[in-house]
Amino acid sequence: MVCVCNATYCDMLDPLVLPAPGSYVKYESSKAGKRLERSEGRFQRRLSPLPADVVLTLDTTQRFQRVKGFGGSITDAAAINILSLPERAQDHLLRSYFSEEGLEYNLIRLPMASCDFSLHAYTYDDVPYDYELTHFSLRDEDTKLKASGGREQDRVEASAMSKRPLSLYASPWTSPTWLKTSESYVGKGTLKGQAGDRYHKTWANYFVRFLDEYAKHNVTFWAVTAENEPTAGLINNYPFQCLGFTAEQQRDFIAQDLGPALANSSHRHVQLIILDDNRLHLPHWARVVLEDEKAARYVHGIGIHWYLDFIGPIQDTVLPTHELFPDYFILATEACIGAHFWERDVILGCWERGNQYSHSILMVRPLCLPGRWEGLLVLGRYLSFLLQNLNHFVAGWTDWNLALDLEGGPNWVKNYVDSPIIVDSSEGIFYKQPMFYHMGHFSKFIPEGSQRVGLIASRESKKTMLEYTAFLRPDGAVVVVVLNR
């Protein structure tokens, strides 16, 4: 189940119009081929005489977290794939993600310099021992692919076509090698020295210079993360760019270096996100950093990835973290399918991968017939592993690459994965996958500022497992999302 888009055709949606009082609008996607298919209806004053299998009752007096939003990442690979298309096809792709005719994404994550989804490893200052960062400069990957500097790049940034304010945030994979104990982009390695010294001060100032240089291209950021997957740099022979931090090292770096550097710059409004790694490190990581007053005053949120969710159940990681630190948002900052060695990289049209996205975003206690759950666990164990979720206080969800090629790249270490949009540049086309439409059931209808509210099931369904969530939008409308896997 895919939609094939090119320079002349792409399926688009009419802009969302709120229904009149007493009526509702329904959008449905299905394995049979419905792609956000719209229909309308009116509410009944009372339940039908025929018994309903299950009734979901909305309770707007129950209020939970507010939403930051939904989106994806503009890696070097994503930008290369988007710009490989004919100009009109590029427009269709970006409108599909960012415009009123599309999914209305409002979050964009950018790697600071290279990551595995680059053509090669690089940083912004590869001149050894340049502690003053006099040689710091953005690369062609930034100025020609990602930062706005012309009509094509304006489209890649996508802000011109988005009616919603875009929030960009950046994550570094590695520092310059001359700041690292390994003196290598890859493999086990941390910053040399200790917090407060010139190595750490230089790395903190590197963040400020990154924000300075992008600002020259009229690109400003909502947030930065302190490091992408900081525990990766603690692993021997890690295969691509990384920089290791323990929770204690990140705490001290933020308290003594990064926090003050941002606070004393013209970017003091930029928010700081810790962890940006698999949620199994919670709540320990949050405790170490946020129970330190000096570090905590600079931090705004916690970022989580989904790759090892099967090791860290949500009730043992995210939930206690929210309970301990309710004033800090929790944001899902990266997720993709195909990253594990047992998975195929790209499977065009795979409905099950769309299910995994929705299930992960929702993650609720499914409604099911008693006694049936054990069998479903065996059949759907992998799905049940992939848990990131609005119903446990997560404030939003950022997908990984916005677009990849048919192989799942390019990727300089061949770490290929899948994406909601797959580009075939040789034919000038791109494919919208089921993952794309599943994302839309959240991103298009739950705008920033929406608040999760109560949704209670009358009983367990006799027919099928259902997963569900509800949000009160800033405009007063209510969104209910129901997943039937």
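The text that follows walks through the structure, step by step, so that each part is easy to find. Bear in mind that the values here come from a model prediction, so they are computed numbers and not experimental data.

Reading guide: rules and limits
- Residues numbered from 1 in each chain as written.
- Predicted model: local features only at pLDDT ≥ 70, side-chain atom pairs only at ≥ 80, totals over all residues.
- Heavy atoms only, no water.
- Pairing = 2+ DSSP bridges.
- Helix = DSSP H or I, 4+ residues; strand = E, 2+ residues; numbered from the N terminus.
- Contact = heavy atoms within 4.5 Å.
- Axes fitted to C-alpha atoms, helices over the stretch in contact; angles between N-to-C directions.
- Parallel < 35°, antiparallel > 145°, perpendicular 65-115°, else oblique.
- Left-handed = near helix turned anticlockwise from the far one by under 90°.
- Disulfide = S-S within 2.5 Å.
- Nonpolar A, V, L, I, M, F, W, Y, C, P; charged D, E, K, R; others polar.
- Patch = residues over 30% accessible without salt bridge, like charges linked within 9 Å, V, L, I, M, F, W, Y side chains within 5 Å.
- Areas by Shrake-Rupley, 256 points an atom, 1.4 Å probe, with all protein chains shown as cover.
- Salt bridge = Lys/Arg side-chain N within 4 Å of Asp/Glu carboxyl O.
- Buried < 20%, exposed > 50% of the residue type's maximum accessible area, 1.4 Å probe, protein only.

**Description of the sheet that holds strand β15 (residues 429–432)**
Sheet architecture is open: four strands sit in the order β1-β15-β14-β13, paired in mixed fashion. A strand with exactly one partner marks an edge of an open sheet, and here the two such strands are β1 (3–5) and β13 (404–405). Across two bridges, the pairing between β13 and strand β14 (residues 421–424) is parallel. Within the sheet, the bridge partner assigned to aspartate 405 lies in β14 and is valine 423. Together, β14 and β15 form the strand contacts of helix α2 (residues 87–98), whose direction differs from that of β15 by roughly 20°.

**A look at the side chain of histidine 200**
Summarising the element assignment, histidine 200 is placed in helix α5 (residues 198–215). Contact partners of histidine 200, with chain neighbours within four places excluded, come to Leu191, Lys192, Gly193, Gln194, Ala195, Phe253 and Asp257.

**Concerning the packing of helix α10 (residues 351–362) against helix α13 (residues 434–443)**
Viewed as axis vectors pointing N to C, α10 and α13 meet at an angle of 25°, and their least axial separation amounts to 7 Å. The angle between α10 and α13 falls in the class roughly parallel. Crossing hand, α10 versus α13: right-handed. Counted together, Trp351, Arg353, Gly354, Asn355, Tyr357, Ser358, Ile361 and Leu362 of α10 and Pro434, Met435, His438, Met439 and Phe442 of α13 form the full contact between these two elements.

**Some thoughts on the state of the cysteines**
Evaluated as defined, the whole model comprises one disulfide. Sulfur-sulfur distance for the disulfide between cysteine 5 and cysteine 10 comes to 2.2 Å. Between cysteine 5 and cysteine 10, the S-S dihedral sits near 65°, and the bridge is therefore right-handed. Free of any disulfide, cysteine 3 has its nearest cysteine sulfur in cysteine 5, 3.8 Å distant. Considering cysteine sulfurs only, cysteine 336 is the nearest to cysteine 350, which forms no disulfide, with 14 Å between them.

**Let's talk about the packing of α5 against helix α6 (residues 247–263)**
At a minimum axis distance of 9 Å, the contact between α5 and α6 shows a crossing angle of 30°. The orientation of α5 relative to α6 falls into the category roughly parallel. Between α5 and α6 lies a crossing of right-handed hand. In this structure, α5 contributes His200, Lys201, Trp203, Ala204, Asn205, Phe207, Val208 and Leu211 to the contact, and α6 contributes Phe253, Gln256, Asp257, Leu258, Ala261 and Leu262. Taken together, the residues that form the contact of α5 with α6 break down as nine nonpolar, three polar and two charged.

**Some details on a nonpolar patch on the surface**
On the surface, Leu58, Val478, Val480 and Val482 cluster together into a nonpolar patch covering about 280 Å² of accessible area. When residues in the nonpolar patch are grouped by element, the largest group, three residues, is from strand β18 (residues 478–483). Classification of valine 480 by relative accessible area gives partly exposed; the value is 43%.

**Section: the sheet that holds strand β16 (residues 451–457)**
Strand order in this open sheet of four strands is β4-β16-β17-β18, and the pairing throughout is antiparallel. Looking at strand neighbours, the two that pair on one side only are β4 (56–66) and β18, the edges of this open sheet. Each adjacent strand pair in this sheet contributes to an overall mean axis angle of 30°, direction not counted. Alignment of strand β17 (residues 467–472) against β18, held across six bridges, turns out to be antiparallel. From the neighbouring strand, leucine 472 faces β18, where its bridge partner is valine 478. Docked against the sheet, α10 engages β17 and β18, running at close to 125° with respect to β18.

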